[in-house]
Amino acid sequence: MKTKKIPSRICVGCREPREKRSMVRVVKTAENEICLDVTGRKNGRGAYICKNTECLQRAIQTKGLERSLKTQIPEQVINLLKEEMSAVEAR
């Protein structure tokens, strides 16, 4: 039998390759809205981050998230992302 390939993505924060299911996708939609996509199915440009706040913080500090999404991220959106990430991390 053939083994199924497990998709992997590189975290924007820690730059480590991980299994796609173990990560959270940050999406910039066509309306320039930036949000977390836990399902991984929203339309738009995406970047993957590990499910912890340290990686999100590192991605913000190194501007890796801004480079991946090709846009500036306002401070209020960053605070919203941090709140959403802490809720995902608590699950």
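Structural data are supplied above this passage.
The model shown is predicted, which means the values in this text are computed figures rather than measured ones.

Asker: I'd like to hear about the nonpolar core, residue by residue, with values.
Answerer: Among the nonpolar cores identified, the biggest contains 24 residues, and Val26, Ile49, Leu65 and Leu81 are the most heavily contacted of them. Within the residue set of this core, elements represented by two or more residues are β3 (23–28), β4 (34–37), β5 (45–50), α1 (53–61), α2 (64–69) and α3 (75–90). Ranked by the residues each element gives to this core, the list is headed by α3, at five residues. Residue contacts for Val26: discarding those within four places in its chain leaves Ile34, Cys35, Leu36, Arg45, Gly46, Ala47, Ile49, Leu65, Leu69 and Leu81.

Asker: Help me get a handle on the sheet that holds β3, residues and values and all.
Answerer: Pairing between the strands of a sheet comes from backbone hydrogen bonds, and it takes one of two forms, parallel or antiparallel. The three strands are arranged β4-β3-β5 in an open sheet whose pairing can be described as antiparallel. Where the open sheet ends on each side, the last strands, each with one partner, are β4 and β5. Taken over all neighbouring pairs, the strand axes of this sheet differ in orientation by 30° on average, direction set aside. Looking at chain direction, β3 and β4 are connected through four bridges and run antiparallel. Residue Arg25 lies in a different strand from β4, and its bridge partner there is Asp37. Lying over the sheet, α3 contacts β3, β4 and β5, oriented at roughly 10° with respect to β4.

Asker: Give me the lowdown on α3, citing residues and values where you can.
Answerer: Helix length check: α3 (16 residues) gives 23 Å between terminal C-alpha atoms against 22 Å at 1.5 Å per residue, within 8%. The complete set of buried residues in α3 reads Val77, Ile78, Leu81, Met85 and Val88. Across the axial projection of α3, the buried residues extend over an arc of 100°, all falling on one side. Turned more than 90 degrees off the buried face of α3, the exposed positions are Glu75, Gln76, Glu83 and Ala90. Those residues of α3 that are buried lie in contact with β3, β4, β5, α1 and α2.

Scoring rules and cut-offs
Residues numbered from 1 in each chain as written. Predicted model: local features only at pLDDT ≥ 70, side-chain atom pairs only at ≥ 80, totals over all residues. Heavy atoms only, no water. Core = buried A, V, L, I, M, F, W, Y, C linked by side-chain atoms within 4.5 Å. Buried < 20%, exposed > 50% of the residue type's maximum accessible area, 1.4 Å probe, protein only. Helix = DSSP H or I, 4+ residues; strand = E, 2+ residues; numbered from the N terminus. Contact = heavy atoms within 4.5 Å. Pairing = 2+ DSSP bridges. Axes fitted to C-alpha atoms, helices over the stretch in contact; angles between N-to-C directions. Expected span 1.5 Å × (residues − 1). Arc of directions from axis to C-beta.

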